[in-house]
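Tertiary structure, described
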Amino acid sequence: MVDDRVPDDLWAWMAPLIPARRLRRHGFPGCEPVDDRAALAGIVYVLRKGVTWATSRPNGSAL
């Protein structure tokens, strides 16, 4: 489903613009990072559909 929203040509154009990931902390690492292409697919979905981020999730939560 990610490939439908972020075609290969769009990803090839956007991927170099995404900054490199930082190393995770050892003591309090937090959540696992989301795949960059999946995050971009979420952004594209919200922009194309014109919905708010809170209503784009099935349960309406931010996470």
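Scroll up to find the structure this text is about.
The structure contained in this document is the topic of the report that follows. (Residues numbered from 1 in each chain as written. Predicted model: local features only at pLDDT ≥ 70, side-chain atom pairs only at ≥ 80, totals over all residues. Heavy atoms only, no water.)

This part is about the overall build of the protein. Along the protein, the regular secondary structure elements total four helices and zero strands. Looking at the protein residue by residue over its 63 residues, the buried ones come to 11%. Sequence-distant contacts, at least 24 apart, represent 49% of the contacts inside the protein between residues at least 6 apart. Summing over all exposed atoms, the protein offers an accessible surface of approximately 5500 Å²; the carbon and sulfur share of this is 62%. (Helix = DSSP H or I, 4+ residues; strand = E, 2+ residues; numbered from the N terminus. Buried < 20%, exposed > 50% of the residue type's maximum accessible area, 1.4 Å probe, protein only. Contact = heavy atoms within 4.5 Å. Areas by Shrake-Rupley, 256 points an atom, 1.4 Å probe, with all protein chains shown as cover.)

It is worth spelling out the environment of R5 at this point. In this fold, R5 is placed in helix α1 (residues 2–5). Spatially, the C-alpha atom of R5 lies 9.6 Å from that of I43, the residues being 38 residues apart in sequence. The residues contacting R5, other than those within four sequence positions of it, are L10, A41, V44, Y45 and R48.

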